[in-house]
Amino acid sequence: MIHLKNIEKVYRTSTIETVALNNINLDVAKGEFLSIMGPSGCGKSTLLNIIGLLDLPTNGNISIDAETVQGFSDDKLSKFRNQKLGFIFQSYHLINDLTVLDNVELPLLYRNVTAAERRRLATEALAKVGLSNRMKHYPSQLSGGQRQRVAIARAVVGNPRIILADEPTGNLDSVMGNEVMEILENLNKNDGTTIIMVTHDENMARRTHRLVRLFDGSQVQ
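Residues numbered from 1 in each chain as written. Predicted model: local features only at pLDDT ≥ 70, side-chain atom pairs only at ≥ 80, totals over all residues. Heavy atoms only, no water.

A.B. asks: Describe in detail the sheet that holds strand 8 (residues 194-198), supporting the description with residues and values.
C.D. replies: Spatially, the six strands line up as an open sheet ordered 6-7-8-3-9-10, and their pairing is mixed. In the strand order of this sheet, the two ends are held by strand 6 (85-89) and strand 10 (218-219), each with one partner. Relative to strand 10, strand 9 (residues 210-215) runs antiparallel, the two being bridged by two bridges. Bridging from a neighbouring strand, Leu-214 pairs with Gln-219 of strand 10. Along the sheet, helix 1 (residues 44-51) contacts strand 3 (33-37), strand 6, strand 7 (162-166), strand 8 and strand 9; its crossing angle with strand 7, the most-contacted strand, is approximately 155 degrees. (Pairing = 2+ DSSP bridges. Helix = DSSP H or I, 4+ residues; strand = E, 2+ residues; numbered from the N terminus. Contact = heavy atoms within 4.5 Å. Axes fitted to C-alpha atoms, helices over the stretch in contact; angles between N-to-C directions.)

So this is what it looks like as structure tokens:
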């Protein structure tokens, strides 16, 4: 499903060069649930952003779902992301003046989907995360765990084959974090969704199929 070969990411200024990722080689199988761990600043989020095509590597090759993405135009990259990938962030990134339902519908606005179909798909996505009774609420009226569940519903509303989750339980207590993790496990088991999750939590990482560790931008496990 995902193939990374010799991925490097270097940030350069006029006076300094910072190597964020060094020679990363990684294959993620269809339907795999993979976790990425490592100390702060080791390159975890940079790697996730490159897999998610939000950033480009300095060197190396990426293929996703049997397509090599090097050379894609910005427009083609945007369409590819919207169709193939779902994103979950630690800080939710919900729009406070939109209802829960409207937040979940957002990714579908960039597809040729009717308003009625958007509403149907968003309603189904919210049912998956147990928030059918919160559709008309606003993010400020929800708990942290509920907001993260809205973010998951938004990530899955377009039925992506891959979900990229950056510290999805990082801002939650253990009970809410466990609820979010169970939703991700169900998406992986029942829908066959490939999931890559960055986490600092060893307990959460042990619940995934495989763990990759980074240190100073290099893969050490």
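Anyway, onward from the coordinates.
A.B. asks: Tell me what's going on with the pairing of strand 9, and back it up with residues and numbers.
C.D. replies: By the bridge criterion, four bridges tie strand 3 to strand 9 in an arrangement that is parallel. The residue of strand 9 that forms the bridge with Ser-35 is Leu-211. Following strand 9, the chain reverses through two residues before pairing antiparallel with strand 10; Asp-216 in that reversal takes a positive phi of roughly 50 degrees.

A.B. asks: How would you sum up the sheet that holds strand 5 (residues 67-68)? Please name residues and give values.
C.D. replies: With antiparallel pairing, four strands are arranged side by side in an open sheet as 2-1-4-5. Either end of the sheet is taken by a strand with one partner, and the two such strands are strand 2 (17-28) and strand 5. Pairing between strand 1 (residues 2-12) and strand 2: eight bridges, direction antiparallel. Bridge pairing links Arg-12 to Glu-17 in strand 2. Set on the sheet, helix 1 makes contact with strand 1, strand 2 and strand 4 (59-64); between it and strand 1 the angle comes to about 120 degrees.

A.B. asks: I'd like a description of the side chain of Asp-166, backed by residues and values.
C.D. replies: Assignment of secondary structure puts Asp-166 in strand 7. Despite being buried, Asp-166 has no salt bridge partner; Lys-44 is the closest side chain of opposite charge, sitting 7.3 Å away. Here the side chain of Asp-166 touches Ser-45 through a polar contact of 3.0 Å, side chain to side chain. Not counting residues within four places of it along the chain, the set of residues in contact with Asp-166 comprises Ser-45, Leu-48, Ile-88, Phe-89, Gln-90 and Val-198. (Buried < 20%, exposed > 50% of the residue type's maximum accessible area, 1.4 Å probe, protein only. Lys, Arg positive; Asp, Glu negative; His and termini not counted. Salt bridge = Lys/Arg side-chain N within 4 Å of Asp/Glu carboxyl O. Polar contact = N/O pair within 3.5 Å; in protein donor to acceptor, adjacent residues only side chain to side chain.)

A.B. asks: Kindly report on the pairing of strand 4, identifying the contributing residues and their values.
C.D. replies: Two elements, strand 1 and strand 4, share five bridges in a ladder whose sense is antiparallel. Counterpart to Glu-8 in the pairing with strand 4 is Asn-59. Bridge count for strand 4 against strand 5 is two bridges, and the pairing is antiparallel. Pairing of Ser-63 across the sheet is with Thr-68, part of strand 5. If you look at the hairpin formed by strand 4 and strand 5, you'll find two residues sitting between the two strands, and Asp-65 has a positive phi there, around 50 degrees.

A.B. asks: Give me the layout of surface pockets: which residues, what numbers.
C.D. replies: Estimated volume of the largest pocket: approximately 580 Å³. Arg-81, Asn-82, Phe-87, Pro-107 and Tyr-110 are the residues nearest the centre of the largest pocket, which is lined by 19 residues in total. Those elements that place two or more of their residues in the lining of the largest pocket are helix 2 (74-84), strand 6 and helix 5 (144-156). The leading source of residues in the lining of the largest pocket is helix 2, at five residues. (1 Å grid on protein atoms, 1.4 Å probe; cavity = no way out; pocket = protein on both sides within 12 Å on 5 of 7 lines; lining within 4 Å. Points joined across faces, edges and corners; volume = space filled by probe spheres on them.)

A.B. asks: For the packing of aromatic side chains, give the residues involved together with the corresponding values.
C.D. replies: Inspection of the entire model under this criterion finds two aromatic pairs. A centroid spacing of 5.8 Å and a plane angle of 70 degrees characterise the contact between Phe-72 and Phe-80, whose relative ring orientation is edge-to-face. Residue class for Phe-72 comes out buried when judged on its relative accessible area of 15%. Arranged with centres 6.2 Å apart and planes meeting at 5 degrees, the rings of Phe-87 and Phe-89 form a pair that is stacked. (Phe/Tyr/Trp six-rings, centres within 6.5 Å; stacked < 30°, edge-to-face > 60°.)

A.B. asks: Can you break down the side chain of Arg-118 residue by residue, with the values?
C.D. replies: Turning to its location among the elements, Arg-118 is positioned in helix 4 (residues 115-128). Polar contacts involving the side chain of Arg-118 include one to the main-chain carbonyl oxygen of Val-113, which spans 3.1 Å. When neighbours within four sequence positions are excluded, Arg-118 is seen to be in contact with Glu-105, Leu-108, Leu-109 and Val-113.

A.B. asks: Lay out the packing of helix 5 against helix 6 (residues 174-191) with the relevant residues and their values.
C.D. replies: To describe two helices that pack against each other, one gives the angle between their axes and the distance between the axes. At a closest axis distance of 9 Å, the pairing of helix 5 and helix 6 adopts a crossing angle of 15 degrees. Viewed along their axes, helix 5 and helix 6 adopt a mutual orientation that is roughly parallel. As helix 5 runs across helix 6, the sense of the crossing is right-handed. Residue-level contacts link Gly-145, Gln-148, Arg-149, Ile-152 and Val-156 of helix 5 to Met-176, Glu-179, Val-180, Ile-183, Leu-184 and Leu-187 of helix 6. Of the residues belonging to the contact of helix 5 with helix 6, the class tally is seven nonpolar, two polar and two charged. (Parallel < 35°, antiparallel > 145°, perpendicular 65-115°, else oblique. Left-handed = near helix turned anticlockwise from the far one by under 90°. Nonpolar A, V, L, I, M, F, W, Y, C, P; charged D, E, K, R; others polar.)

These figures capture arrangement, not role.
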